[in-house]
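Residues per chain, in single letters:
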Amino acid sequence: MPQSVQVEAPQPTDPPTDAPAQQQTTPGLEPENPMPAAPVPIPVPVLVDTPAPVATPAPVPVATPAPAGVDVTALMMAAHNQKRAQHLNTPPVTWSADLAVAAQAWASQ
């Protein structure tokens, strides 16, 4: 026959209570807050429907005809040769009527 052993349950020193435990305070000091502070809300950006910017077209330059009696070719060559003169060993360009006719024929194809 098995032997039975009788064991006594330990007795608690403080009786259990449903009330929260009282914290001891030092006179003149505030008791610590046992509960953590509520989280600080983080502001959330609000998206607002705004119209997309509309691209404005760049102004188109308008070609104006040269005044009567002005040789535009000579003016362009003079301006070009002024820039060429700023470089060493760069002779001025001269107009070639034969080259102008050939270039216009090629461009008109």
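A. A look at the overall build of the protein. Along the backbone of the protein there are two helices and zero strands. Put simply, the protein has 109 residues, and 2% of those count as buried. On the protein, roughly 11700 Å² of surface is accessible, and the fraction owed to carbon and sulfur atoms is 63%.

B. Main features of a nonpolar patch on the surface. On the surface, Val70, Val72, Leu75 and Met76 cluster together into a nonpolar patch covering about 360 Å² of accessible area. Here Val70 lies in the segment before helix H1 (72–84). Here Val70 falls in the partly exposed class, since its relative accessible area comes to 38%.

Quick notes on the rules
Residues numbered from 1 in each chain as written. Predicted model: local features only at pLDDT ≥ 70, side-chain atom pairs only at ≥ 80, totals over all residues. Heavy atoms only, no water. Helix = DSSP H or I, 4+ residues; strand = E, 2+ residues; numbered from the N terminus. Buried < 20%, exposed > 50% of the residue type's maximum accessible area, 1.4 Å probe, protein only. Areas by Shrake-Rupley, 256 points an atom, 1.4 Å probe, with all protein chains shown as cover. Patch = residues over 30% accessible without salt bridge, like charges linked within 9 Å, V, L, I, M, F, W, Y side chains within 5 Å. Salt bridge = Lys/Arg side-chain N within 4 Å of Asp/Glu carboxyl O.

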